[in-house]
Amino acid sequence: NYTMMGDTVNTAARLEAGAKQFGVYTLVSESTLKQRFHDATGKEVLTSDLLHYRFIDRITVVGKSEPMEVFEVIGIKGESDISPEEAELFNLFHEGVAAYQATECDKALAIFHKTKEMELFKKNKYTPSKMYIERCEQFKLEPPVPPGQKWDGVFRMTQKH
């Protein structure tokens, strides 16, 4: 029997649950993408150099106060390529996230309604675009900060699952 403990394991468990909330299959933190290791030839490599991924959100997980950036892993470079349609999705999605973080909800909604139809798994009940549409609609009713204040762009997760 083995037991895993510690902060890294706790964060990984939160990201696994968070992946469902974001409508993605593989969600990793920025620290995972920044990991350095030596490949079979002895060359130092960053994990991010080996993967296709897209930025999903800036979050704090339950039990943490420090925000982290999280990313959807799309595939392994060399094993899968990004199609022109996927590249367009990722570029538009990035614009939508920027508008969302600037609390420009109408602009973000217009973009996310476009990307919703372009999502990798658009038939899934939940996708990153659908998640952002829900958040933007909620923010229009209840802004994340009072008028005149600048929002830090961090979504604070309130549930472990």
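Up top is the structure these notes are about.
Residues numbered from 1 in each chain as written. Predicted model: local features only at pLDDT ≥ 70, side-chain atom pairs only at ≥ 80, totals over all residues. Heavy atoms only, no water.

## Regarding the environment of glutamate 30
Inspection of the secondary structure assignment puts glutamate 30 in helix α2 (residues 30-33). Note on glutamate 30: relative accessible area 22%, which makes it partly exposed. Spatially, the C-alpha atoms of glutamate 30 and phenylalanine 55 are 9.3 Å apart, while their sequence positions differ by 25 residues. If sequence neighbours within four positions are ignored, glutamate 30 has contacts with Pro67, Met68, Glu69 and Phe71. (Helix = DSSP H or I, 4+ residues; strand = E, 2+ residues; numbered from the N terminus. Buried < 20%, exposed > 50% of the residue type's maximum accessible area, 1.4 Å probe, protein only. Contact = heavy atoms within 4.5 Å.)

## Comments concerning the packing of helix α3 (residues 84-101) against helix α4 (residues 105-116)
α4 packs onto α3 with a crossing angle of 155° between their chain directions and a minimal axis gap of 8 Å. Classified by the angle their axes make, α3 and α4 are roughly antiparallel. The crossing of α3 and α4 is left-handed. Facing α3, whose interface residues are Leu89, Leu92, Phe93, Glu95, Gly96, Val97, Ala99 and Tyr100, α4 presents Lys107, Ala108, Ile111, Phe112 and Thr115. Here the residues of the contact of α3 with α4 sort into nine nonpolar, two polar and two charged. (Axes fitted to C-alpha atoms, helices over the stretch in contact; angles between N-to-C directions. Parallel < 35°, antiparallel > 145°, perpendicular 65-115°, else oblique. Left-handed = near helix turned anticlockwise from the far one by under 90°. Nonpolar A, V, L, I, M, F, W, Y, C, P; charged D, E, K, R; others polar.)

## Digging into the sheet that holds strand β5 (residues 68-76)
Sheet architecture is open: four strands sit in the order β1-β5-β4-β6, paired in mixed fashion. Edge positions in the sheet fall to β1 (27-29) and β6 (155-156), since each has one partner strand and no second. By the bridge criterion, eight bridges tie strand β4 (residues 51-60) to β5 in an arrangement that is antiparallel. When the bridges of β5 are listed, arginine 54 appears paired with glutamate 72. Helix α5 (residues 128-141) contacts β4, β5 and β6 of the sheet and is inclined by roughly 25° relative to β4. (Pairing = 2+ DSSP bridges.)

## Let's talk about the packing of aromatic side chains
With the rule as written, the count across this model stands at ten aromatic pairs. Relative to phenylalanine 139, the ring of tyrosine 100 has its centre 5.4 Å away and its plane inclined at 10°; by these criteria the two rings are stacked. Of the two residues, tyrosine 100 is situated in helix α3 and phenylalanine 139 in helix α5; the sequence distance between them amounts to 39 residues. The class for phenylalanine 139 is buried, based on a relative accessible area of 12%. Note on phenylalanine 112 and tyrosine 132: the rings are 4.8 Å apart at their centroids and 10° apart in plane angle, and the pair reads as stacked. Taken together, the residues span a long stretch of sequence, with phenylalanine 112 in helix α4 and tyrosine 132 in helix α5 at a distance of 20 residues. Exposure class is identical for phenylalanine 112 and tyrosine 132. Each is buried. Pairwise contacts between aromatic rings join Phe93, Tyr100, Phe112, Tyr132, Phe139 and Trp151 into one cluster. (Phe/Tyr/Trp six-rings, centres within 6.5 Å; stacked < 30°, edge-to-face > 60°.)

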